Amino acid sequence: MLSKFSMIWEFLRVRKKWWLTPIILFLLVISLLLVLAQGSAVAPFIYAIF
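All of these numbers come straight from a predicted model, not from anything done at the bench.

A. Spatial organisation of a nonpolar patch on the surface. A contiguous nonpolar surface patch, about 490 Å² in accessible area, is contributed by L2, F5, I8, L25 and L28. Only α1 (2-15) and α2 (20-37) provide two or more residues apiece to the nonpolar patch. Mapped onto the elements of the fold, L28 is located in helix α2.

B. Structural view of the pattern of salt bridges. Following the criterion strictly, the structure yields 1 salt bridge and no others. Notably, a salt bridge pairs R13 with E10, separated by 2.9 Å at the nearest N-O pair. Placement of the pair is R13 and E10 together in helix α1, with a separation of 3 residues, close to one helical turn. Classification of R13 by relative accessible area gives partly exposed; the value is 40%. The class for E10 is partly exposed, based on a relative accessible area of 36%.

What counts and how
- Residues numbered from 1 in each chain as written.
- Predicted model: local features only at pLDDT ≥ 70, side-chain atom pairs only at ≥ 80, totals over all residues.
- Heavy atoms only, no water.
- Patch = residues over 30% accessible without salt bridge, like charges linked within 9 Å, V, L, I, M, F, W, Y side chains within 5 Å.
- Areas by Shrake-Rupley, 256 points an atom, 1.4 Å probe, with all protein chains shown as cover.
- Salt bridge = Lys/Arg side-chain N within 4 Å of Asp/Glu carboxyl O.
- Helix = DSSP H or I, 4+ residues; strand = E, 2+ residues; numbered from the N terminus.
- Buried < 20%, exposed > 50% of the residue type's maximum accessible area, 1.4 Å probe, protein only.

Here is the structure:
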């Protein structure tokens, strides 16, 4: 798991693709939010947002 993050970081650093950083962070936050809310009482409210 850590090697995937290091590979992504290396790609961003070497290729100078810094514009991908906000997109990757946004996708990570959204996926974390969906995973954490899957089994909670907040799930219907989060799914209503999307």
